Amino acid sequence: MVLSLIFCGVAFAQSGETQAEIRYCGQWMMEEAFFNAHPEAREQATRDALRLEAETEQFMDANRDELIVIPVVFHVIHYNGPENISEAQIMSGLEVMNADFRKLNSDIDDVIDDFTDVAADIEIEFRLAQIDPSGNCHTGINRIVSPLTYIGDGDVKDLIQWPRNSYLNIWVVENANGAAGYSLYPSSVNGNQGAGNDGIVVAHDYTGNMGTSNVYRSRTLTHEVGHWINLRHTWGNSNSPGDPENCDMDDNVDDTPTTSGWTSCNVNGETCGSLDNVQNYMEYSYCGRMFTDGQRLRMRAAMNSSTAQRNQLWTPANLEETGVSLEPILCEARFSASRQTICVGDSVQFFDESFHGVSGWEWDFGDGNSAGGEAPWHTFDDAGLFDVTLTVTNGINEQSLTETSFIQVLEVGAMATPFSDSFESPELSEDWFMVDVSNDGDGWELTTVAAYTGDQSLRIHNWSNNIEFNQDLLITSSMDMSQASEIQVSYKWAYCFKGTNEDEDDTDDRLKIYASPDCGETWSLRRMHRGFTDLPSAPPHPFVFTPSGPEEWNSYTLSIPYEQFFTENFR
Ligand SMILES: [Zn+2]
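The rules we used
Residues numbered from 1 in each chain as written. Predicted model: local features only at pLDDT ≥ 70, side-chain atom pairs only at ≥ 80, totals over all residues. Heavy atoms only, no water. Donors = N, O, S within 2.8 Å, 3.2 Å for Na, K, Ca; no water. Tetrahedral: all angles 85-135°; square planar, octahedral: opposite > 155°, others 65-115°. Core = buried A, V, L, I, M, F, W, Y, C linked by side-chain atoms within 4.5 Å. Buried < 20%, exposed > 50% of the residue type's maximum accessible area, 1.4 Å probe, protein only. Helix = DSSP H or I, 4+ residues; strand = E, 2+ residues; numbered from the N terminus. Contact = heavy atoms within 4.5 Å. Pairing = 2+ DSSP bridges. Axes fitted to C-alpha atoms, helices over the stretch in contact; angles between N-to-C directions. Left-handed = near helix turned anticlockwise from the far one by under 90°. Nonpolar A, V, L, I, M, F, W, Y, C, P; charged D, E, K, R; others polar.

**Some words on the coordination of the zinc ion**
Ideal geometry at a metal gives 109.5 degrees between four tetrahedral donors and either 90 or 180 degrees between six octahedral ones.
Thinking step 1. The coordination sphere of the zinc ion, as far as protein atoms go, consists of C25 (SG), H223 (NE2), H227 (NE2) and H233 (NE2), spread over 1.9 to 2.2 Å.
Thinking step 2. Metal-centred angles of 98 to 124° between the four donor atoms at the zinc ion mark the site as tetrahedral.

**Overview of the nonpolar core**
Thinking step 1. Counting 64 residues, the largest nonpolar core has F74 and F126 as the members making the most contacts within it.
Thinking step 2. Top element by residues in this core is strand β3 (residues 68-78). It accounts for seven residues.
Thinking step 3. Membership of the second largest hydrophobic core comes to 17 residues, among which are V358, F386, F406 and I407.

**Focus on helix α8 (residues 293-303)**
Thinking step 1. Within α8, nine of the eleven residues are buried, which leaves it mostly tucked inside the rest of the structure.
Thinking step 2. Of the surrounding secondary structure, the elements contacted by the buried residues of α8 are α2 (39-58), β3, α3 (87-101), β4 (124-128) and α7 (220-228).

**Concerning the sheet that holds strand β14 (residues 377-379)**
Thinking step 1. Here three strands make up an open sheet; going across it, the order is β9-β11-β14 and the pairing antiparallel. In this open sheet, the two strands that pair with only one neighbour each are β9 (335-337) and β14. With strand direction ignored, the average angle separating the axes of adjacent strands in the sheet is 30°.
Thinking step 2. In this sheet, strand β11 (residues 347-352) lies alongside β9 in antiparallel orientation, the contact comprising three bridges. The partner of A337 across the bridge, within β11, is F350.

**What about the packing of α3 against α7?**
Thinking step 1. It is the contact of α3 with α7, at a shortest axis distance of 8 Å, that shows an interaxial angle of 60°. Here the hand of the crossing between α3 and α7 comes out right-handed. Between α3, through G93, V96, M97, D100 and F101, and α7, the contact on the second element is made entirely by L221, T222, V225 and G226.
Thinking step 2. The residue inventory of the contact of α3 with α7, partitioned by class, reads five nonpolar, three polar and one charged.

Here's what the structure looks like:
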């Protein structure tokens, strides 16, 4: 895949985040990558760009004070890591965009005197969608599990995309193809091949001003939306700020002076013979505070153009269909919890995820206790399975959700020790939990195909797996180790590479053994067996591997002599 090979700039920040690695926008590189992959799309995009430029030149902004409202949907592409950012962080991203586009940013006073006259209120507002393309009430946030979050090229857009003539699509990823974020111009995605590439990809740690992001990096979406509505970098069409030749390029905006572009915040900088607008959001200076009047005109021209269907986004009919012109609609109660398997005496924090416009909460924890609040903690004092119910209100209507067996509370010393298991029963005993983290369906399973002793074992059928970072968990219940002076864990496994001794068939799979002293609240890695070192127990097989006998199994005894693990709730 060509797009994944494009490497974007990485550099050290010169202000703000001392010594931190700062990434920049990858818009132009991704434009080039897209056109290199689709040469015929480049021709059409060139024509569409000329047409949009002509429209922009003639655009008068007749409805000067009309607010343009754009429905937005976020697609959080994650692999259960920190890139699965909170709703609060996403909302902070929207708030920053809206403040910047309405010239309501609290740091607008930082703009130096030479540019205060041209700093503009764009009068564009972004609202989270309340209704999905099928007409159903929706949070406006989709969460999709995929390892593509670690690559973040155009392929993430194939995972999920809502119609671009109804929604601005924003994909939040772990790695935005090496950049902070990127978006293509409307003219570049106007054609059929481009349509699937319309929207913004942004790194989770450059989304909003809290959580995994911060205030310094929070203007990334403001900048990328600028591209999405046809703004160029202040120096012109490239990802190469600082190049003196940029003085010969232009952003086709009258009131942004010609510049070679900045990766630092020198507000007195003059690179092409006049004072640069270093504080412009379309710079790489990381001190963006403003758009100009000229940029306002250019963006509003693009929003009034049929190019990439931008003019369809803010019609009254679309605002109604996407729910953004309506009051908050309370349509569904939903919640999550910090942990779902705990031990007696442990506490869990619950989080309301109901939508929209919730003002009151009533929680029933299923153990005879209840509480109010948006994110209450509750301590479970009895072992068992508990149904949890949340009832929410907006002052007028109510919605309620009961999750059956939502919390499992293990009793202290739930497993007899010393414990051993060769998995001979038809079903896995309740001493074990399996979790298919990647949700690919090929997790741990009982099998009669191979055994070291008896007739059965557990296996992961990995032959046809070509997904990187695939993860499957096998977790014990709790053991009372409070009287121990040493914990020993012995296990046997069989593993080989697929193929015929060719290096490219070798994969660095890992078998990792973790221990928890606190019933699973925290885990520490105690041992890792790697594909490139001691994991293989047999030579590579060009067919599905079944160990032929005990000689094709490895074994290991892990010793844990540390006092902090000698607890009542060891797992
Ligand atoms: Zn950019």
